[in-house]
Amino acid sequence: MPTQKVRVRVPASTANLGPGFDSLGMALNLYAWIDMSISDNTTIHLIGDQMNGVPADKSNLIYKVAQMVFEQAGVSHPELDIAMYSEIPLTRGLGSSASAIIGALAGANALIGYKLTQDELFQIATRLEKHPDNVGASLFGGIVVAFWDGHRAESIRLEPDVNLEVLVAIPAFQLSTEKARSVMPQQVMMKDAVFNLSHSSLLVAALSTGNLGMIRYAMKDALHQPYRAPLIPGMATILEQADQYGALGAALSGAGPTMLALVDARSERKAELETFLKETLLKEGIEAQTLWLKPSAEGVTTSQLHEGEADLQALVQGEVLT
Ligand code: HSE
């Protein structure tokens, strides 16, 4: 018997963590919610101003991804009621499209009684998004180490250290992943490849052993950040100097433009670091919103909604989403 109505909560994600280009991701405690139910007529309700311009018909990404789940599971549910609300800013390097894909996959799968496995969802999501670091983090939570070889994605999830905190500075402009990838070279020097594999390996080892002090040496990249820096004025200074202001390490979040600093939660220099990030961007004429986040140990979650439970719109207005 299919579930009547499900609510999905899916975390934002940050990809790359510096050297782990397309392979390292972390879920963050900034969320999107999707309510989904099988219906007689499709309705798509996108809540909040930031959803302006997102299609609300059957060309909607969530609708289309849900249909992929049904198709793979061999069932047919062409009409859906979908509502979505998201705290995750769009096109800023915090995995908003990955969260929509994972939310849609998990919601549709819950509606049909979990016919597909987590691994099947991961494979579909990676084929769609191409970056297993974002979708893996939103799906599994925590820190995800992953690859995609064009056929299969594989990943291992790491538990984030309890003292790891994340400061993000979200510039007031959007940067598409397509543009941020177009500035990268097709070929790289062997020394840059070696630089990244050694730093990325060390970063994974530091994160998995809780060696927070090693992050400042490991969180450096030669493959994508140097090429992307001109797209985000102030980024080079932040990467170079953030550790002098108390960060464990700093990186471009995904394809940007959000800048991210990893911080020891016990640090007494948080305000100083936040001011440094904001002022460095502001000197370049870029307004940025800063947020203190934690890794989200939980990935996507689904729950069944019962008759009479508040809909998403009511919850958003009441600001009681958890
Ligand atoms: N790893 C990808 C990139 C993330 O840096 O281009 C894009 O979401």
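Residues numbered from 1 in each chain as written. Predicted model: local features only at pLDDT ≥ 70, side-chain atom pairs only at ≥ 80, totals over all residues. Heavy atoms only, no water.

## A few points about the packing of helix H2 (residues 96-111) against helix H4 (residues 132-140)
Right, so step 1: Running from N to C, H2 and H4 point in directions that differ by 50°, and their axes come no closer than 9 Å. Compared by their axis directions, H2 and H4 come out oblique. Considering only the axes of H2 and H4, their crossing is right-handed. Note on element contacts: H4 touches H2 through Asn134, Val135, Ser138 and Leu139, opposite Ala98, Ser99 and Ile102. (Axes fitted to C-alpha atoms, helices over the stretch in contact; angles between N-to-C directions. Helix = DSSP H or I, 4+ residues; strand = E, 2+ residues; numbered from the N terminus. Parallel < 35°, antiparallel > 145°, perpendicular 65-115°, else oblique. Left-handed = near helix turned anticlockwise from the far one by under 90°. Contact = heavy atoms within 4.5 Å.)

## A look at the domain arrangement of the protein chain
Right, so step 1: The domains assigned to the protein chain are domain 1 (5-159 + 296-320) and domain 2 (164-293).
Right, so step 2: Computed over C-alpha atoms, the centres of domain 1 and domain 2 are 25 Å apart.
Right, so step 3: Summing both partners gives a buried area of about 2,200 Å² for domain 1 against domain 2, and 67% of it is carried by carbon and sulfur.
Right, so step 4: Per-residue buried area on domain 1 facing domain 2 is highest for Pro19, Phe21 and Arg92; these three make up 30% of the total on that side.
Right, so step 5: The tally of links from domain 1 across to domain 2 stands at one salt bridge.
Right, so step 6: The shortest N-O distance in the salt bridge between Asp22 and Arg181 comes to 2.7 Å.
Right, so step 7: When residues of the side of domain 1 that touches domain 2 are assigned to their parent elements, the largest contribution, five residues, is made by strand E2 (residues 24-38). (Domains from an automatic or database assignment. Buried area = accessible area lost by both parts, 1.4 Å probe. Salt bridge = Lys/Arg side-chain N within 4 Å of Asp/Glu carboxyl O.)

## What about the site of the ligand?
Right, so step 1: Around the ligand, the structure places Ala15, Asn16, Phe21, Asp22, His131, Asp133, Asn134, Thr177, Arg181, Arg228, Gly254 and Ala255.
Right, so step 2: In the environment of the ligand, a nitrogen atom lies 2.5 Å from a nitrogen or oxygen atom belonging to the side chain of Asp22.
Right, so step 3: Between an oxygen atom of the ligand and a side-chain N or O atom of Arg181, the distance comes to 2.5 Å.
Right, so step 4: Look at the ligand: alone it shows 260 Å² of surface, and the protein chains cover 95% of it.
Right, so step 5: Within the residue set of the shell around the ligand, elements represented by two or more residues are H4 and helix H5 (177-182). (Near = heavy atom within 4 Å. Polar contact = N/O pair within 3.5 Å; in protein donor to acceptor, adjacent residues only side chain to side chain. Areas by Shrake-Rupley, 256 points an atom, 1.4 Å probe, with all protein chains shown as cover.)

## What to know about the pattern of salt bridges
Right, so step 1: Counting across every chain of the model gives twelve salt bridges.
Right, so step 2: Residues Asp119 and Arg152 are paired through a salt bridge, measuring 3.3 Å at the closest nitrogen-oxygen approach. Separated by 33 residues along the polypeptide, Asp119 in helix H3 (residues 118-129) and Arg152 in the loop between strand E5 (143-148) and strand E6 (153-158) bring together distant segments of the chain.
Right, so step 3: A relative accessible area of 34% means that Arg152 is categorised as partly exposed.
Right, so step 4: In this structure, Asp192 engages Lys191 in a salt bridge whose closest nitrogen and oxygen atoms are separated by 3.4 Å.
Right, so step 5: Counted as one network, the salt bridges with shared partners bring together Asp119, Arg152 and Glu154. (Buried < 20%, exposed > 50% of the residue type's maximum accessible area, 1.4 Å probe, protein only.)

## Some details on the packing of aromatic side chains
Right, so step 1: Inspection of every chain in the model, using the stated rule, returns four aromatic pairs.
Right, so step 2: Taken together, a centroid distance of 6.2 Å and an interplanar angle of 25° make the contact between Trp33 and Tyr85 stacked. Taken together, the residues Trp33 in strand E2 and Tyr85 in strand E4 (residues 80-86) connect sequence positions 52 residues apart.
Right, so step 3: Among the aromatic residues, those joined into a cluster by ring pairs are Tyr31, Trp33 and Tyr85. (Phe/Tyr/Trp six-rings, centres within 6.5 Å; stacked < 30°, edge-to-face > 60°.)

## Some remarks on the side chain of Asn196
Right, so step 1: Positionally, Asn196 belongs in helix H6 (residues 190-209).
Right, so step 2: A distance of 2.7 Å separates a polar atom in the side chain of Asn196 from the backbone nitrogen of Ala222.
Right, so step 3: In terms of polar contacts, Asn196 uses its side chain to reach the backbone amide nitrogen of Leu223, at 3.5 Å.

## Brief notes about the pairing of strand E3 (residues 43-47)
Right, so step 1: Across five bridges, E3 lies against E4 in parallel orientation. Residue Ile44 lies in a different strand from E4, and its bridge partner there is Ile82.
Right, so step 2: Between E3 and its parallel partner E4, the chain crosses via helix H1 (residues 61-73), and the hand of that crossover is left-handed. (Pairing = 2+ DSSP bridges. Right-handed = clockwise from strand over helix to strand, strands pointing away.)

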